[in-house]
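Listed here are the chains, written in short residue letters.
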Amino acid sequence: MLGLRWSDVDLHEGVLTVRQALQRVGGELLIVAPKTQRSARRVALPAECVTALRAQRAQQVADRKGAGNNWKGTGQGLVLTTKNGTPIEPRNVNRSRPWTSTPSSGSTRSARRSIASGTP
């Protein structure tokens, strides 16, 4: 999820294409290929995900405007970034759970599986 780019999301068609991942390797965050060939695929998005992604895009635009010259976006066009545009640290995802308001709703893996299967 953290390596997803806006260029890989088609909100009109309601699909995303998994092409890369974000991982910490040797002390730095890198964009890497998905772990398996099966991981690189097109995924149909439920309407709720399309709505959430549209909201994320609007929030990211607002964050960028608010940050002004402090925006640190890398030019990779990542969907999920911090408020100042940097990639989200993978180890922090389980702490913040940006996709839910209830801390007990599940792990990153279950969120990914829900999106991939089209079931909540």
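Residues numbered from 1 in each chain as written. Predicted model: local features only at pLDDT ≥ 70, side-chain atom pairs only at ≥ 80, totals over all residues. Heavy atoms only, no water.

We now examine the packing of aromatic side chains. All chains considered together, the criterion is met by zero aromatic pairs. The residue whose ring lies beneath Arg-57 is Trp-6, and the NZ or CZ to ring-centre distance is 4.2 Å. (Phe/Tyr/Trp six-rings, centres within 6.5 Å; stacked < 30°, edge-to-face > 60°. Lys NZ or Arg CZ within 6 Å of the ring centre and 35° of its normal.)

Looking now at the nonpolar core. Grouped together as the largest cluster of nonpolar side chains are eleven residues: Leu-4, Trp-6, Val-9, Leu-11, Leu-16, Val-43, Leu-45, Cys-49, Val-50, Leu-53 and Val-79. In this structure Leu-4 touches Val-9, Leu-16, Thr-17, Gly-77, Leu-78 and Val-79, once residues within four positions along its chain are discounted. (Core = buried A, V, L, I, M, F, W, Y, C linked by side-chain atoms within 4.5 Å. Buried < 20%, exposed > 50% of the residue type's maximum accessible area, 1.4 Å probe, protein only. Contact = heavy atoms within 4.5 Å.)

Mapped onto the elements, Asp-8 comes out in the segment before strand S1 (9-10). Since its relative accessible area comes to 5%, Asp-8 is described here as buried. Engagement of the side chain of Asp-8 in a polar contact is seen with the side chain of Arg-19, the distance being 2.6 Å. Among all residues touching Asp-8, those that are not within four sequence positions of it are Val-15, Leu-16, Thr-17 and Arg-19. (Helix = DSSP H or I, 4+ residues; strand = E, 2+ residues; numbered from the N terminus. Polar contact = N/O pair within 3.5 Å; in protein donor to acceptor, adjacent residues only side chain to side chain.)

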